[in-house]
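Residues per chain are reported as follows:
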Amino acid sequence: QVQLVESGGGLVQAGGSLRLSCAASGRTISDIPSDYAMAWFRQDARKEREFVAAISWSGSSTYYKDSVKGRFTISRDNDQNTVYLHMSSLKPEDTAVYYCAADRRYSGYDTTTYRYWGQGTQVTVSS
């Protein structure tokens, strides 16, 4: 099984920056973190869980929600099996619980059907 642990959330003022980390662990023949696409989703009490960004471990392909393009950057460190979400120019509407997700897939990166999910980390942006 693949286990995901997020960290880096917190309280920041509008315009500030945060870097979220998601560490993947647990390896079997069928579950190898380095073979999985990784993604970030977010959810607050008012909205359904929504896609934020995704990255493929092979090929370095990245995908973003339109509203975060130019502000958020997803990256990875395969040696540490860790994916990052660098967030800048944060806005109050970015406030949400951010979840890391992983799955072995080559398409549909923006769907909520990922197999593995982390526990979430809270990001709060004050006005």
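Residues numbered from 1 in each chain as written. Predicted model: local features only at pLDDT ≥ 70, side-chain atom pairs only at ≥ 80, totals over all residues. Heavy atoms only, no water.

Draft legend 1. Geometry of the overall build of the chain. Summing up its helical and strand segments, the chain has zero helices and 11 strands in all. For the chain, the sequential pattern of α-helices and β-strands runs β-β-β-β-β-β-β-β-β-β-β. Over its C-alpha atoms the chain spans a radius of gyration of 14 Å, differing by no more than 12% from the 14 Å that the globule rule assigns to 127 residues. Once the C-alpha set of the chain is aligned to its principal axes, its extents read approximately 45 × 25 × 25 Å. The 127 residues of the chain split such that 43% are buried. Accessible area of the chain: about 6,500 Å², with a carbon and sulfur share of 45%. In the chain, which carries 14 positive and 13 negative side-chain charges, the distance between the mean positions of the two groups comes to 2 Å. (Helix = DSSP H or I, 4+ residues; strand = E, 2+ residues; numbered from the N terminus. Rg over C-alpha atoms; globule rule 2.2 N^0.38 Å. Buried < 20%, exposed > 50% of the residue type's maximum accessible area, 1.4 Å probe, protein only. Areas by Shrake-Rupley, 256 points an atom, 1.4 Å probe, with all protein chains shown as cover. Lys, Arg positive; Asp, Glu negative; His and termini not counted. Charge placed at Lys NZ, Arg CZ, Asp CG, Glu CD.)

Draft legend 2. Inspection of the sheet that holds strand 3 (residues 18-25) at higher detail. Here four strands make up an open sheet; going across it, the order is 1-3-8-7 and the pairing antiparallel. Of all strands in the sheet, those bounded by a partner on one side alone are strand 1 (3-7) and strand 7 (72-77). Looking at each pair of strands side by side, their axes are set apart by 15 degrees on average, direction ignored. In this sheet, strand 8 (residues 82-87) lies alongside strand 7 in antiparallel orientation, the contact comprising six bridges. When the sheet's bridge partners are listed, D77 is paired in strand 8 with T82. (Pairing = 2+ DSSP bridges. Axes fitted to C-alpha atoms, helices over the stretch in contact; angles between N-to-C directions.)

Draft legend 3. Quick peek at the pairing of strand 8. The buried count for strand 8 comes to five of six residues, which makes it a mostly enclosed element. Bridge count for strand 3 against strand 8 is six bridges, and the pairing is antiparallel. If you follow L20 over to strand 8, its bridge partner there is L85. Adjacent in sequence and paired antiparallel, strand 7 and strand 8 are bridged by four residues, among which N81 carries a positive phi angle near 50 degrees.

Draft legend 4. Local environment of unusual backbone geometry. One non-glycine residue with positive phi stands out, namely S89, at about 50 degrees. Within the secondary structure, S89 is located in the loop between strand 8 and strand 9 (96-103).

Draft legend 5. Expanded view of the environment of F72. Assignment of secondary structure puts F72 in strand 7. The exposure class of F72 is buried, given its relative accessible area of 2%. Through-space distance from the C-alpha of F72 to that of A37 is 18 Å; in sequence the pair is 35 residues apart. Contact partners of F72, with chain neighbours within four places excluded, come to R42, V52, Y64, L85, H86, M87, S88, L90, D94 and Y98. (Contact = heavy atoms within 4.5 Å.)

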